[in-house]
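Spelled out, the chains give:
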Amino acid sequence: MRTLCASTLIGEFFVIGFAGLVAMKEPDLSVATVWTVCGVLMALSVLLCGVITRPGGVQLGWVLQVLLIAGGFVVPSMFVLGAAFAALWWASVHYGRKIDEAKARFAAQAQPPAQAEPGGNPA
């Protein structure tokens, strides 16, 4: 799951940066505001790559997805891009978990069965 989710998050990092460039053209927004918001979101996307397997990591990823979609109120194309990345996030989490389960099953099958020690006392 970690690899798929991290790939999605790194893609979001770049999309957030490009959205910041587009948002800079809005006359109502200051450059400092745009890059503060974008910088925080970009940092969150990178930091999530490291904590995705920890408790709450996936939920924080969903918060980021909601924030990306909400970015559509500033940069309208973010409605579409945010929804696309939310779908990618769902797929990364869903299929990543299935892959992790399959890997665990294969690893368990590959291990030799435990044998009792000579003398009749199991270890």
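Residues numbered from 1 in each chain as written. Predicted model: local features only at pLDDT ≥ 70, side-chain atom pairs only at ≥ 80, totals over all residues. Heavy atoms only, no water.

K.L.:
In this structure, what is going on with the overall build of the protein? I would like to understand it.
P.N.:
Tallying secondary structure elements over the protein gives four helices and zero strands in all. Overall, the protein shows an N-to-C arrangement of helices and strands of α-α-α-α. Over its C-alpha atoms the protein spans a radius of gyration of 21 Å, topping by over 25% the 14 Å that the globule rule assigns to 123 residues. With respect to the three principal axes, the spread of C-alpha positions in the protein is 85 × 25 × 20 Å. Burial analysis of the protein (123 residues in total) assigns 30% to the buried set. Look at the contacts in the protein between residues 6 or more apart in sequence, and 65% of them connect residues 24 or more apart. (Helix = DSSP H or I, 4+ residues; strand = E, 2+ residues; numbered from the N terminus. Rg over C-alpha atoms; globule rule 2.2 N^0.38 Å. Buried < 20%, exposed > 50% of the residue type's maximum accessible area, 1.4 Å probe, protein only. Contact = heavy atoms within 4.5 Å.)

K.L.:
Help me understand a nonpolar patch on the surface, please; the structure alone is not making it clear to me.
P.N.:
Where nonpolar side chains cluster on the molecular surface, the patch consists of Ile10, Phe14, Phe18, Leu21, Met24, Val31 and Val46 and spans about 630 Å² of accessible area. For the nonpolar patch, the secondary structure elements donating two or more residues are helix H1 (2-23) and helix H2 (31-51). Counting residues per element, the nonpolar patch draws most heavily on H1, at four residues. Mapped onto the elements of the fold, Ile10 is located in helix H1. When its relative accessible area of 35% is taken as the criterion, Ile10 is described as partly exposed. (Patch = residues over 30% accessible without salt bridge, like charges linked within 9 Å, V, L, I, M, F, W, Y side chains within 5 Å. Areas by Shrake-Rupley, 256 points an atom, 1.4 Å probe, with all protein chains shown as cover. Salt bridge = Lys/Arg side-chain N within 4 Å of Asp/Glu carboxyl O.)

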